[in-house]
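Close look at the chain arrangement
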Amino acid sequence: MTTMYAALLRGINVGGAKKVPMAELRALVEGLGHGAVRTHLQSGQVVFAAERGDEASLAAELAGAVAERFGFAVDVIVRDHAYLRGIVDACPFPAADLEPRQLHVTYFSGPVDEERFAGVDRAAHAPEEFRLGDRALYLYAPDGLGRSKLAEALSRPRVTKGLVATSRNWNTVVALAELTRT
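Residues numbered from 1 in each chain as written. Predicted model: local features only at pLDDT ≥ 70, side-chain atom pairs only at ≥ 80, totals over all residues. Heavy atoms only, no water.

Our next topic: the sheet that holds strand β7 (residues 136-140). If you trace the 4 strands from one edge of the open sheet to the other, you get β6-β7-β5-β8, paired in antiparallel fashion. Sheet topology places β6 (129-133) and β8 (165-169) at the edges, where each strand pairs with a single neighbour. Between one strand axis and the next, the sheet turns by 20 degrees as a mean value, whatever way the strands run. Across the sheet, helix α6 (residues 170-179) lies against β5 (103-108), β7 and β8, angled at about 95 degrees from β8, the strand it touches most. (Pairing = 2+ DSSP bridges. Helix = DSSP H or I, 4+ residues; strand = E, 2+ residues; numbered from the N terminus. Axes fitted to C-alpha atoms, helices over the stretch in contact; angles between N-to-C directions. Contact = heavy atoms within 4.5 Å.)

Pasting the structure below:
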(Lines give C-alpha, C1' and ligand atoms only; values in the text may rest on other atoms or scores of the structure.)
Protein backbone atom coordinates (compact mmCIF):
# COMPACT_ATOMS: atom_id res chain seq x y z
CA MET A 1 0.00 0.00 0.00
CA THR A 2 1.28 3.44 -0.91
CA THR A 3 1.21 6.22 1.67
CA MET A 4 1.70 9.93 1.00
CA TYR A 5 4.23 11.71 3.19
CA ALA A 6 5.70 15.15 3.63
CA ALA A 7 9.34 15.50 4.64
CA LEU A 8 10.24 18.69 6.50
CA LEU A 9 13.93 19.53 6.17
CA ARG A 10 15.13 21.83 8.92
CA GLY A 11 17.20 24.90 8.10
CA ILE A 12 17.87 24.53 4.39
CA ASN A 13 17.98 27.48 1.98
CA VAL A 14 17.87 29.98 4.84
CA GLY A 15 20.17 33.00 4.63
CA GLY A 16 22.32 31.43 1.92
CA ALA A 17 23.29 28.44 4.06
CA LYS A 18 22.73 24.75 3.34
CA LYS A 19 21.67 25.28 -0.28
CA VAL A 20 19.48 22.50 -1.65
CA PRO A 21 17.98 23.22 -5.08
CA MET A 22 14.44 21.87 -5.21
CA ALA A 23 14.97 20.07 -8.55
CA GLU A 24 17.91 18.21 -7.01
CA LEU A 25 15.91 17.39 -3.90
CA ARG A 26 13.10 15.95 -6.04
CA ALA A 27 15.62 13.86 -8.01
CA LEU A 28 17.20 12.65 -4.74
CA VAL A 29 13.84 11.50 -3.33
CA GLU A 30 12.94 9.82 -6.63
CA GLY A 31 16.34 8.10 -6.55
CA LEU A 32 15.40 6.60 -3.18
CA GLY A 33 12.56 4.81 -4.97
CA HIS A 34 9.68 7.09 -3.99
CA GLY A 35 6.97 8.30 -6.36
CA ALA A 36 4.69 11.30 -6.86
CA VAL A 37 7.52 13.57 -5.67
CA ARG A 38 6.78 17.29 -5.38
CA THR A 39 8.45 20.11 -3.51
CA HIS A 40 6.65 23.00 -1.89
CA LEU A 41 8.35 26.40 -1.85
CA GLN A 42 12.14 26.65 -1.45
CA SER A 43 12.25 26.18 2.30
CA GLY A 44 12.49 22.44 2.74
CA GLN A 45 9.26 20.58 2.10
CA VAL A 46 9.05 17.57 -0.19
CA VAL A 47 5.97 15.41 -0.65
CA PHE A 48 6.26 11.82 -1.86
CA ALA A 49 4.56 8.44 -2.02
CA ALA A 50 6.23 5.48 -0.33
CA GLU A 51 5.32 1.82 -0.32
CA ARG A 52 7.69 0.89 2.50
CA GLY A 53 9.03 2.30 5.72
CA ASP A 54 7.67 4.36 8.54
CA GLU A 55 8.11 8.03 9.41
CA ALA A 56 11.32 7.53 11.39
CA SER A 57 13.03 5.26 8.85
CA LEU A 58 12.02 7.49 5.94
CA ALA A 59 13.38 10.55 7.77
CA ALA A 60 16.68 8.79 8.49
CA GLU A 61 16.94 7.59 4.88
CA LEU A 62 16.37 11.09 3.50
CA ALA A 63 18.72 12.75 6.02
CA GLY A 64 21.46 10.28 5.06
CA ALA A 65 20.91 10.86 1.34
CA VAL A 66 21.02 14.66 1.77
CA ALA A 67 24.26 14.43 3.77
CA GLU A 68 25.83 12.20 1.13
CA ARG A 69 24.67 14.30 -1.83
CA PHE A 70 25.11 17.83 -0.44
CA GLY A 71 27.84 17.31 2.15
CA PHE A 72 26.06 18.60 5.25
CA ALA A 73 23.76 17.20 7.90
CA VAL A 74 20.12 18.18 7.92
CA ASP A 75 17.43 17.23 10.41
CA VAL A 76 14.36 15.73 8.75
CA ILE A 77 10.88 15.06 10.09
CA VAL A 78 8.52 12.91 7.99
CA ARG A 79 4.77 12.84 8.58
CA ASP A 80 1.96 11.10 6.71
CA HIS A 81 -1.22 12.65 5.37
CA ALA A 82 -3.44 11.51 8.26
CA TYR A 83 -1.14 13.20 10.77
CA LEU A 84 -0.88 16.41 8.72
CA ARG A 85 -4.66 16.57 8.24
CA GLY A 86 -5.10 15.96 11.96
CA ILE A 87 -2.82 18.91 12.78
CA VAL A 88 -4.97 21.21 10.64
CA ASP A 89 -8.22 19.87 12.07
CA ALA A 90 -7.03 20.09 15.69
CA CYS A 91 -5.85 23.71 15.53
CA PRO A 92 -6.83 25.29 18.84
CA PHE A 93 -6.78 28.82 17.39
CA PRO A 94 -9.35 30.37 15.02
CA ALA A 95 -7.16 29.92 11.92
CA ALA A 96 -9.82 31.23 9.53
CA ASP A 97 -9.90 34.54 11.44
CA LEU A 98 -6.11 35.03 11.55
CA GLU A 99 -3.53 36.06 9.01
CA PRO A 100 -1.38 33.04 8.08
CA ARG A 101 1.76 34.86 9.27
CA GLN A 102 0.24 34.97 12.77
CA LEU A 103 -0.15 31.22 13.17
CA HIS A 104 2.65 28.64 13.08
CA VAL A 105 3.10 24.99 13.88
CA THR A 106 6.35 23.59 15.23
CA TYR A 107 6.65 19.90 14.43
CA PHE A 108 8.67 17.76 16.84
CA SER A 109 10.39 14.44 16.22
CA GLY A 110 8.74 12.99 19.31
CA PRO A 111 6.00 13.63 21.86
CA VAL A 112 5.98 16.83 23.92
CA ASP A 113 4.15 17.57 27.13
CA GLU A 114 3.42 20.60 29.29
CA GLU A 115 6.27 19.77 31.66
CA ARG A 116 8.83 20.49 28.93
CA PHE A 117 7.49 24.07 28.68
CA ALA A 118 6.99 24.71 32.40
CA GLY A 119 9.83 27.25 32.47
CA VAL A 120 8.24 29.45 29.80
CA ASP A 121 6.36 32.35 31.39
CA ARG A 122 3.21 32.41 29.26
CA ALA A 123 1.79 35.58 30.86
CA ALA A 124 4.98 37.54 30.14
CA HIS A 125 4.55 36.91 26.40
CA ALA A 126 0.85 37.81 26.06
CA PRO A 127 -0.89 38.33 23.70
CA GLU A 128 1.30 35.68 22.09
CA GLU A 129 0.39 32.17 23.15
CA PHE A 130 1.00 28.53 22.39
CA ARG A 131 -0.81 25.26 22.76
CA LEU A 132 0.42 21.71 22.40
CA GLY A 133 -0.80 19.07 19.99
CA ASP A 134 0.31 15.66 18.78
CA ARG A 135 4.11 16.03 18.43
CA ALA A 136 3.41 19.66 17.63
CA LEU A 137 3.13 23.11 19.09
CA TYR A 138 0.71 25.73 17.77
CA LEU A 139 2.00 29.29 18.12
CA TYR A 140 -0.12 32.40 17.83
CA ALA A 141 2.18 35.38 17.22
CA PRO A 142 0.11 38.46 16.27
CA ASP A 143 3.15 40.37 14.99
CA GLY A 144 4.60 37.40 13.10
CA LEU A 145 7.28 34.87 13.89
CA GLY A 146 10.22 37.18 13.23
CA ARG A 147 9.20 39.50 16.05
CA SER A 148 7.99 36.84 18.44
CA LYS A 149 9.70 36.75 21.83
CA LEU A 150 7.65 33.69 22.72
CA ALA A 151 8.97 31.81 19.67
CA GLU A 152 12.49 32.66 20.83
CA ALA A 153 11.77 31.30 24.32
CA LEU A 154 10.19 28.13 22.89
CA SER A 155 13.18 27.35 20.70
CA ARG A 156 15.84 27.48 23.40
CA PRO A 157 17.93 24.30 23.65
CA ARG A 158 16.77 23.55 27.19
CA VAL A 159 13.18 23.42 25.88
CA THR A 160 13.84 21.41 22.71
CA LYS A 161 16.58 19.18 24.15
CA GLY A 162 16.58 15.71 22.64
CA LEU A 163 14.13 16.57 19.87
CA VAL A 164 14.26 17.79 16.31
CA ALA A 165 11.94 20.77 15.91
CA THR A 166 11.00 22.69 12.77
CA SER A 167 8.34 25.35 12.29
CA ARG A 168 6.05 26.19 9.39
CA ASN A 169 3.54 29.00 8.88
CA TRP A 170 -0.14 28.20 8.61
CA ASN A 171 -0.25 28.45 4.80
CA THR A 172 2.44 25.76 4.57
CA VAL A 173 0.76 23.61 7.23
CA VAL A 174 -2.48 23.59 5.22
CA ALA A 175 -0.69 23.13 1.88
CA LEU A 176 1.18 20.05 3.13
CA ALA A 177 -2.06 18.45 4.31
CA GLU A 178 -3.55 19.07 0.86
CA LEU A 179 -0.48 17.99 -1.11
CA THR A 180 -0.33 14.65 0.70
CA ARG A 181 -3.99 13.86 0.07
CA THR A 182 -4.43 10.92 -2.29
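Moving on: the pattern of salt bridges. For the structure shown, the criterion picks out 12 salt bridges. Across the pair arginine 85 and glutamate 178 runs a salt bridge whose closest N-O atoms are separated by 3.0 Å. One end of the pair, arginine 85, is in helix α3 (residues 81-89); the other, glutamate 178, is in helix α6, with 93 residues separating them in the sequence. Assessed through its relative accessible area of 33%, glutamate 178 is described here as partly exposed. Residues participating in the shared-partner salt-bridge network are Glu55, Arg79, Asp134 and Arg135. (Salt bridge = Lys/Arg side-chain N within 4 Å of Asp/Glu carboxyl O. Buried < 20%, exposed > 50% of the residue type's maximum accessible area, 1.4 Å probe, protein only.)

Within strand β3 (residues 45-50), 6 of the 6 residues are buried, leaving the element largely enclosed by the surrounding structure. In β3, alternate side chains face the same way, and those of Gln45, Val47 and Ala49 on one face and Val46, Phe48 and Ala50 on the other are all buried. Relative to β3, strand β1 (residues 3-9) runs antiparallel, the two sharing 6 bridges. Across the sheet, leucine 8 pairs through a bridge with glutamine 45, a residue of β3. Taken together, the 4 bridges between strand β2 (residues 35-40) and β3 define a ladder with antiparallel strand orientation. Within β3, the residue paired with histidine 40 across the bridge is glutamine 45. From the end of β2 to the start of β3, which pair antiparallel, there are 4 residues, and leucine 41 there has a positive phi angle of about 60 degrees.

With that settled, the discussion passes to α3. Listed as buried for α3 are Tyr83, Leu84, Ile87 and Val88. Buried residues of α3 fall within an arc of 140 degrees about the axis and therefore sit on the same side. Residues of α3 that are exposed and point more than 90 degrees away from the buried face comprise Ala82 and Asp89. Of the residues flanking the start of α3, the one acting as N-cap is aspartate 80, its side-chain oxygen 3.3 Å from the backbone nitrogen of alanine 82. (Arc of directions from axis to C-beta. Polar contact = N/O pair within 3.5 Å; in protein donor to acceptor, adjacent residues only side chain to side chain.)

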